[in-house]
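What the coordinates show
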Amino acid sequence: MFTHFNEQLSELDDAELCSLVCNGNEPAFEEITHRYKALIRLISKEYSYPGFDVNDFMQLGLMGLYSACKTYKPDSSRSVKKFAALCIRRRYISLVRTL
């Protein structure tokens, strides 16, 4: 049954997954994380900083993705992907500013 539920999640678009994440659906966040992991890695390389582990930057990127899901407005003219990239970058910029 759980596999069937995950298959259903894979058929949803990103905005629908974000809506589920807002309602506390952890498997939905896992699905969107799977979709956006490469984007998080790509952006994290732009802001990598000596002394910080790659996993730390990935974790920060996941926090940015979660924030994007929680605050995304479906009626926005911006896609989930562009909004997520913006939120992830802002997380990294905030960290770099504190260093």
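Positions within a chain are numbered from 1, following the residues in the order the chain's sequence is written. Totals for whole chains, interfaces and linings use every residue, but because this is a predicted model, local features are given only for residues with pLDDT of at least 70 and side-chain atom pairs only at 80 or more, for both listing and counting. Excluded from the side-chain calculation are hydrogens and water; included are all heavy atoms of the structure.

**Observations regarding a nonpolar patch on the surface**
Each patch is built from salt-bridge-free residues with over 30% relative accessible area, joining like charges within 9 Å and nonpolar side chains (Val, Leu, Ile, Met, Phe, Trp, Tyr) within 5 Å. The accessible surface values rely on the Shrake-Rupley method and a 1.4 Å probe; as for residues, cover is taken only from the protein chains in view. By salt bridge we mean one thing: a side-chain nitrogen of Lys or Arg within 4 Å of a carboxyl oxygen of Asp or Glu. A surface patch of nonpolar side chains, amounting to about 320 Å² of accessible area, comprises Tyr 49, Phe 52, Val 96 and Leu 99. Helix and strand assignments come from DSSP, with helices taken as H or I runs of at least 4 residues and strands as E runs of at least 2, each series counted from the N terminus. Inspection of the secondary structure assignment puts Val 96 in helix 5 (residues 80-98). Only protein chains enter the calculation, and the probe is 1.4 Å; a residue is then buried if its accessible area is under 20% of its type maximum, exposed if over 50%, and partly exposed in between. Here Val 96 falls in the partly exposed class, since its relative accessible area comes to 31%.

**A short note on the environment of Gly 51**
Here Gly 51 is to be found in the loop between helix 3 (26-46) and helix 4 (54-71). Along the sequence, Gly 51 and Pro 27 sit 24 residues apart, while their C-alpha atoms lie 32 Å from each other.

**Examining helix 4**
Multiplying one less than the number of residues by 1.5 Å gives the expected span of a helix. Its 18 residues give helix 4 an end-to-end C-alpha distance of 26 Å, which sits within 8% of 26 Å, the value for a rise of 1.5 Å per residue. All of the buried residues in helix 4 are Phe 57, Met 58, Leu 60, Gly 61, Gly 64, Leu 65, Ala 68 and Cys 69. Note on contacts: a residue pair is in contact if any heavy atoms of the two residues lie within 4.5 Å. For helix 4, the elements touching its buried residues are helix 2 (14-22), helix 3 and helix 5.

**Description of the nonpolar core**
Formed by 26 residues in total, the largest nonpolar core has its most connected members in Ile 32, Tyr 36, Ile 43, Leu 65 and Tyr 92. Counting only elements with at least two residues in this core, the list comes to helix 2, helix 3, helix 4 and helix 5. When neighbours within four sequence positions are excluded, Ile 43 is seen to be in contact with Ala 85, Ile 88, Arg 89 and Tyr 92. In this description, a nonpolar core means a group of buried Ala, Val, Leu, Ile, Met, Phe, Trp, Tyr and Cys residues linked to one another through side-chain atoms lying within 4.5 Å.

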